[in-house]
Amino acid sequence: VNVRALPWVGAAVVVSVVIDLVIGYSPVPGYAAALGLVGGGALTVAGKVLLPKLVSRAPDYYPLDEAPAVQTDVLATGPDPRDADGRPLPDGTLDAPRPGGGDRG
Amino acid sequence: VATVVDLLLHPAVPLAVAAVLCFVVPSRISRVLVVAAPVVALVQLALLEPGTTVPATFHTFDLEVLRADGLALAFAWIFAIAALLSGTFGLATQSPRERCAALAYAAAAMGVVLAGDLMTFFIAWEIKAIASTLLILQRRTGDAGRAGMRYLFVHVLGGKLLLAGVLWHLATTGSLAFEAFEVTGPAILILLACAINAAVIPLHAWLPDAYPRATVAGTVFLSAYTTKAAVYALARGFAGFEVLLYAGIFMTLFGVTYAILEDDIRRLLSYHIVSQVGFMVAAIGVGTELAINGATAHAFAHILYKGLLLMGTGAVLHATGRSRSTQLGGLYHRMKPTFVLYMVGALSISSLPLFSGFISKEMAVQAISYEYGYAAVVLLKVASVGTFLSTGLKLPHATFFGDLGAGPRAGEPAPFPIRRIPMSMYAAMGGAAVLNLVLGVRPQLLYDLLPFDEIYGVYTLGKVTETLLLLGFTALAFWLYFDVLAPKAKFSLDTDWVYRRFPQALRGRAPGEPLVGEGTPRVITDATQGLVRARTAVLERVVGAQAPPPPIAATWLLGVAVVGVGLIFLLLSLGGGS
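Residues numbered from 1 in each chain as written. Chains lettered and ligands numbered in written order. Predicted model: local features only at pLDDT ≥ 70, side-chain atom pairs only at ≥ 80, totals over all residues. Heavy atoms only, no water.

Visitor: How should I be thinking about the overall build of chain B in this particular structure?
Guide: Looking only at helices and strands, chain B has 23 helices and 3 strands in total. In chain B, once contacts between residues fewer than 6 apart in sequence are set aside, the share between residues at least 24 apart is 81%. When the accessible surface of chain B is split by element, carbon and sulfur atoms take 69% of a total near 19800 Å². Treating the 39 positive side-chain charges of chain B as one cloud and the 32 negative ones as another, the clouds have centres 14 Å apart. (Helix = DSSP H or I, 4+ residues; strand = E, 2+ residues; numbered from the N terminus. Contact = heavy atoms within 4.5 Å. Areas by Shrake-Rupley, 256 points an atom, 1.4 Å probe, with all protein chains shown as cover. Lys, Arg positive; Asp, Glu negative; His and termini not counted. Charge placed at Lys NZ, Arg CZ, Asp CG, Glu CD.)

So, in structure tokens, the structure goes:
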């Protein structure tokens, strides 16, 4: 959990409870806040913590069906980007690795 | 008996004619046809009087090849609009053959929703399955070919279920009229066929398998028709079947959970199709007039915003050649218009007030709440939270920002090439974005197209405030769980494992190794090689594929299932006939 966000979240919950009390639409004050925070948390835990244990595999799990990193067949045709003087920019290779690697996980 | 003039009224006709012409005319003329045909279809729809029917007789069967009632017309309108937008999006990228398949697919879908009898419905349904397969195969890569064949076999299986249900229904009732069904054996077979096409869990895996593998424009076409034609069929025949309510709610949650896990941006959006169709299926399960209106409105809005989202991600793929979140990022400065247009779709699907999804989704959810109370609504709201979390926050952040921030400006070096996308793509995305906003601001335009008068006035202070708070706290949740939500370069298994990997696992073969090999009786080897040669010949003939043909193992289990079910139904039909 991002701790820096916690004070802001706490303040926002208080504001949302007040709004709900004033408008009187929600079944319980803080209903939408609870759905957003708890629902989002539950889905994050389910989708990023529990489910991966069951279903996450390496990208080449179906080796024949793994899409290439750069799908050149659908890539726009035409010259690579050039600078103001018409010189090719140094990013001209299609398979140049992203800085910091591919996997952010 | 229908006359030729009567049949020319059918809005599928211009699409079908254009599809045939695209196969023979030069490429530049096919560009005109792919835009002109949907425009003609829209004009025909405008001229078509609600309630118009065109009866016909085939042998001794009374058919109704055109039935333009409220439910059918709502779907027909959005199908024609989708064809126009998708065709425009593909103007610079689609080949004439791809346009041919796409227009045939749109024509068949139009035929499905305007069919008044089950025979016409079945024929259009099957043409739709074949045309959509050809559309997937037009990507002309090995993985698209294999996914296309899996898609075909799943839909052939669904088609057989539909045919069996229709014949059984005819045998028991003597009628081919397509009206609301009772819970009977034939109705359950037809329901299963519709459930396959609507991607009801666990029959859904064909969708995230096949849709992301089509071309950038092909995926936009695909997102509009197959599942929504099935939603129409469910609304027509199975409104009030309570099982659909539970199936729909499960779809909404299953789809968003898988979407949070996904790395590939087009596969992520494919799971969101499952989730959004879940809202429609759940509303159909309720079956009240308001619920059917909600399902229809949500199908209408969904085609617009999902098309826009897939156009946005398609434009990213077209500009960079990349579709995995982990390989993207830093596109914002180079693709600002695409980002803005994508976000219109993202805010629509997240049902932000003033966007189309708000008026449609809330109508469906409200209809469910009237009948089933808060428990169902809370689950659907959690699904909405997941929708905004992944399509409105995670995907655009990873694609346009990510570790690279807003990325390089024009003329600055970039870590990978970002090429320009054609104006036609901007035009299509702009059109879809405008329609999403217009429907959100002027919901009456959509209400006027709905089959019933019952509507839900969504613009109340309470509802708007609740929705804004919900989305605001979802954004805070994204901030809270930011590190956990970062994309990972992984592939997620789904229920298609049963026919993609299980056969190999059963036989102890390595992944990718064909099922037929050493030790297999010669008669089976010969038959298999014959099938592979025949399939290669057909694929080369139809799509001009340069890649190797899909391996027989990829579709072996499905093929056996299809042939087996066909034989059983043939025997049942013969038994019933005698």
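Visitor: What's the story with the interface of chain A and chain B in this structure? I'm lost.
Guide: Frequently, the measure chosen for interface size is the accessible area removed from exposure when the parts meet. With 71 residues of chain A at the interface, the matching set in chain B holds 81 residues. Note on chain A versus chain B: buried area summed over both sides is about 6700 Å², and carbon and sulfur give 63% of it. A salt bridge links Arg139(B) to Asp73(A); the nearest nitrogen and oxygen atoms lie 2.4 Å apart. Put simply, chain A and chain B have 21 residue pairs in polar contact (both at pLDDT 80 or more) between them. Of all the elements in the fold, those that place two or more residues in the side of chain A that touches chain B are helix H1 (6-23), helix H2 (31-55) and strand E1 (56-57) of chain A. With 18 residues, the single largest contributor to the side of chain A that touches chain B is H2(A). When its residues are assigned to classes, the side of chain A that touches chain B shows 43 nonpolar, 15 polar and 13 charged. (Buried area = accessible area lost by both parts, 1.4 Å probe. Salt bridge = Lys/Arg side-chain N within 4 Å of Asp/Glu carboxyl O. Polar contact = N/O pair within 3.5 Å; in protein donor to acceptor, adjacent residues only side chain to side chain. Nonpolar A, V, L, I, M, F, W, Y, C, P; charged D, E, K, R; others polar.)

Visitor: Help me out: how do you make sense of the environment of Pro59(A) in this one?
Guide: In this fold, Pro59(A) is placed in the segment after E1. C-alpha separation for the pair Pro59(A) and Val14(A), spaced 45 residues apart in sequence, amounts to 43 Å. With residues near it in sequence (within four places) discarded, Pro59(A) still touches Glu66(A), Ala489(B), Lys490(B) and Phe491(B).

Visitor: Looking at this structure, I do not really get unusual backbone geometry. What am I missing?
Guide: Across the chain, the bulk of peptide bonds are trans and the bulk of non-glycine residues have phi less than zero. All names here are of chain B. Here the residue pair Ile-201 and Pro-202 is connected by a cis peptide bond, since its omega of 5° sits within 30 degrees of zero. Mapped onto the fold, Pro-202 is located in the loop between helix H8 (185-197) and helix H9 (206-210). Located in the positive-phi region is Ala-199, a residue other than glycine, with phi close to 60°. As for its position among the elements, Ala-199 is in the loop between H8 and H9. Look at Ser-351: it is not a glycine, yet its phi comes out positive at around 60°. Note on placement: Ser-351 falls in the loop between helix H14 (336-349) and helix H15 (356-401).

Visitor: I'm lost on the packing of aromatic side chains in this one. Help?
Guide: In this description, a pair of aromatic rings is defined by centroid distance and the angle of the planes. One pass over the full model with this rule turns up 25 aromatic pairs over all chains. Aromatic side chains Tyr62(A) and Phe491(B) sit 5.5 Å apart centroid to centroid with 85° between the ring planes, which places their arrangement in the edge-to-face category. Residue Tyr62(A) is found in the segment after E1, and its partner Phe491(B) is found in strand E3 (residues 491-492); the two belong to separate chains. Of the two residues, Tyr62(A) and Phe491(B), both sit in the buried class. With a centroid separation of 6.5 Å and 90° between ring planes, the pair formed by Phe178(B) and Tyr232(B) is classed as edge-to-face. Here Phe178(B), found in the loop between helix H7 (142-173) and H8, pairs with Tyr232(B), found in helix H10 (residues 216-237); they are 54 residues apart in sequence, far enough to count as distant. Neither Phe178(B) nor Tyr232(B) differs from the other in exposure class; each is buried. (Phe/Tyr/Trp six-rings, centres within 6.5 Å; stacked < 30°, edge-to-face > 60°. Buried < 20%, exposed > 50% of the residue type's maximum accessible area, 1.4 Å probe, protein only.)

Visitor: Explain the pairing of strand E2 (residues 61-68) of chain B to me, please; I cannot follow it from the model alone.
Guide: Residues in a regular strand project their side chains so that they alternate between the two faces of the sheet. Residues and elements named next belong to chain B. Where strand E1 (residues 52-58) and E2 come together, 7 bridges link them in antiparallel fashion. Counted as the bridge partner of Thr-53 is Arg-67 from E2. The turn joining E1 and E2, which pair antiparallel and follow one another in sequence, is formed by 2 residues; a positive phi near 55° is taken by His-59. (Pairing = 2+ DSSP bridges.)

Visitor: Can you help me understand the side chain of Ser223(B) in this one?
Guide: Residues and elements named next belong to chain B. Structurally, the position occupied by Ser-223 is in helix H10. The exposure class of Ser-223 is buried, given its relative accessible area of 2%. At 2.8 Å, the side chain of Ser-223 and the backbone oxygen of Val-220 are in polar contact. Ignoring anything within four residues of it in the chain, the contact list for Ser-223 reads Tyr-211, Lys-228, Ile-273, Lys-306, Gly-307 and Leu-310.

Visitor: Before we go on, may I ask you to explain the pattern of salt bridges in this structure?
Guide: When the charged atoms of two side chains with opposite charge come close together, those side chains can pair. Evaluated as defined, the whole model comprises 17 salt bridges over all chains. The partner of Asp496(B) in a salt bridge is Arg500(B), with the nearest N and O atoms 3.1 Å apart. As far as burial versus exposure is concerned, Asp496(B) and Arg500(B) are alike and both buried. Via salt bridges that share partners, Asp65(A), Asp143(B), Arg146(B), Arg150(B), Asp209(B), Arg213(B), Asp496(B) and Arg500(B) belong to a single interconnected network.

Visitor: Looking at this model, I keep getting lost on a nonpolar patch on the surface. Mind explaining?
Guide: Together, Val14(A), Val18(A), Val22(A), Ile23(A), Tyr25(A) and Leu461(B) make up an exposed nonpolar region whose accessible area comes to about 560 Å². For the nonpolar patch, the element with the highest residue contribution is H1(A), accounting for 4 residues. Summarising the element assignment, Leu461(B) is placed in helix H18 (residues 461-480). Under the relative-accessibility criterion, Leu461(B) is labelled exposed at 62%. (Patch = residues over 30% accessible without salt bridge, like charges linked within 9 Å, V, L, I, M, F, W, Y side chains within 5 Å.)

Visitor: Any chance you could explain the state of the cysteines here in plain terms?
Guide: By definition, a disulfide links two cysteine residues through a covalent bond between their sulfur atoms. Within the structure shown, the criterion is met by 0 disulfides over all chains. Free of any disulfide, Cys100(B) has its nearest cysteine sulfur in Cys22(B), 6.6 Å distant. (Disulfide = S-S within 2.5 Å.)

Visitor: So what exactly am I meant to see when it comes to the packing of H8(B) against H10(B) here?
Guide: How two helices sit against one another is set out by the angle between their axes and by the gap between those axes. Residue and element names in this part refer to chain B. In contact at an axis separation of 8 Å, H8 and H10 are set at 150° when each is read in the N-to-C sense. What the angle tells us is that H8 and H10 run roughly antiparallel. Here H8 and H10 pass one another in a crossing that is left-handed. Here Leu-191, Cys-194 and Asn-197 of H8 come into contact with H10, specifically with Thr-226, Thr-227, Ala-230, Ala-233 and Leu-234. For the contact of H8 with H10, the class distribution of residues is 5 nonpolar, 3 polar and no charged. (Axes fitted to C-alpha atoms, helices over the stretch in contact; angles between N-to-C directions. Parallel < 35°, antiparallel > 145°, perpendicular 65-115°, else oblique. Left-handed = near helix turned anticlockwise from the far one by under 90°.)

Visitor: Is there a simple way to explain helix H5 (residues 96-114) of chain B in this structure?
Guide: Given 3.6 residues per turn, any residue in an α-helix points the same way as the ones three and four places further on. Over its 19 residues, H5(B) extends 27 Å from the first C-alpha to the last, a length consistent with the 27 Å expected when each residue adds 1.5 Å. Counting buried residues in H5(B) gives 16 out of 19 residues, a clear majority hidden from the surface. (Expected span 1.5 Å × (residues − 1).)

Visitor: How should the side chain of Thr320(B) be read in this particular structure?
Guide: Mapping Thr320(B) onto the fold places it in helix H13 (residues 289-320). Assessed through its relative accessible area of 3%, Thr320(B) is described here as buried. Those residues in contact with Thr320(B) that sit more than four places away from it in its chain are Val70(A), Leu75(A), Leu328(B), Leu331(B), Phe416(B), Pro417(B) and Ile418(B).

Interpretation note: all reported values are geometric properties and have no functional meaning in isolation.
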